[in-house]
Amino acid sequence: MRYLLALLPIAFAAMTCVVSAETSPSPKPETGIEGVITISPTHGGPIRDGEDSSRPMPNENFVVRKGTEEVARFTTDAQGRFQVALPPGDYLVLARDQKYKFGGWGPFPVKVEAGKMTKKDFDCDSGLR
């Protein structure tokens with residue numbers, strides 16, 4: 001019995017390490033692209049004083065291409081933000097389904113540099129005038 005009681009603290013410590021390892025936040029990617037995608041103009045006609053001419057583009061699907069090859073996909077969050085891990089290189093970002101989009105939704109060129117997340121914001125053309 002004493003033997004089992006002596007092992008109890010060791011077993012508890014081991015379980016705590018496993019639980020904390022499973023709940024640790026995932027590490028931030030070292031290289032890639034992050035930013036905000038907006039759309040403008042927000043409506044047809046002139047933009048009035050004090051009126052926003054663009055707004056974040058929420059929950060929109062995009063692809064990242066290197067040449068003609070698709071290398072990644074991402075979806076913007078509710079505030080139009082995105083982050084995608086990529087190795088260093090030159091890429092194009094564009095809406096996943098271009099044929100159903102009005103205006104211009106890419107391709108947007110971006111260069112990812114070694115050792116950092118490249119901050120890049122894109123503004124899509126709504127096609128409204």
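Residues numbered from 1 in each chain as written. Predicted model: local features only at pLDDT ≥ 70, side-chain atom pairs only at ≥ 80, totals over all residues. Heavy atoms only, no water.

Overview of the overall build of the protein
Thought 1: When you go through the protein residue by residue, the secondary structure sums to one helix and nine strands.
Thought 2: Start at the N end of the protein and walk to the C end: the helices and strands fall as α-β-β-β-β-β-β-β-β-β.
Thought 3: Across the 129 residues of the protein, 27% fall into the buried class.
Thought 4: Here the contacts in the protein between residues at least 6 apart in sequence split such that 55% fall between residues at least 24 apart.
Thought 5: Accessible area of the protein: about 8,800 Å², with a carbon and sulfur share of 58%. (Helix = DSSP H or I, 4+ residues; strand = E, 2+ residues; numbered from the N terminus. Buried < 20%, exposed > 50% of the residue type's maximum accessible area, 1.4 Å probe, protein only. Contact = heavy atoms within 4.5 Å. Areas by Shrake-Rupley, 256 points an atom, 1.4 Å probe, with all protein chains shown as cover.)

Points about the pattern of salt bridges
Thought 1: A full pass over the atoms with the stated rule returns five salt bridges.
Thought 2: With a closest N to O distance of 2.6 Å, Glu70 and Arg73 form a salt bridge.
Thought 3: Residue class for Glu70 comes out partly exposed when judged on its relative accessible area of 37%.
Thought 4: Between Arg81 and Asp77 there is a salt bridge whose closest N-O contact spans 2.9 Å. (Salt bridge = Lys/Arg side-chain N within 4 Å of Asp/Glu carboxyl O.)

With respect to the environment of Asp121
Thought 1: Structurally, Asp121 is set in the loop between β8 (117-119) and β9 (122-125).
Thought 2: Those residues in contact with Asp121 that sit more than four places away from it in its chain are Gly35 and Val36.
Thought 3: Polar contacts involving the side chain of Asp121 include one to the main-chain amide nitrogen of Val36, which spans 2.8 Å.
Thought 4: Separated by 3.4 Å, the side chains of Asp121 and Lys119 make a polar contact. (Polar contact = N/O pair within 3.5 Å; in protein donor to acceptor, adjacent residues only side chain to side chain.)

Some details on the side chain of Thr31
Thought 1: Inspection of the secondary structure puts Thr31 in the loop between α1 (2-23) and β1 (32-40).
Thought 2: Judged by relative accessible area, Thr31 falls into the buried class, the value being 15%.
Thought 3: Of the polar contacts made by the side chain of Thr31, one reaches the backbone oxygen of Leu86; its length is 2.5 Å.
Thought 4: Ignoring any residue separated from it by four or fewer positions in sequence, one finds Thr31 in contact with Val84, Ala85, Leu86, Pro87, Pro88, Val112, Glu113, Ala114, Gly115, Lys116 and Met117.

Thoughts on the pairing of strand β5 (residues 81-85)
Within a regular beta strand, the side chains point alternately toward one face of the sheet and then the other, so they alternate between its two faces.
Thought 1: Residues Phe82 and Val84 point to one face of β5 and are all buried, whereas Arg81, Gln83 and Ala85, pointing to the other face, are not buried.
Thought 2: Here β1 runs beside β5; their pairing, made up of five bridges, is antiparallel. Looking at β5, one finds that Ile33 is bridged to Val84. (Pairing = 2+ DSSP bridges.)

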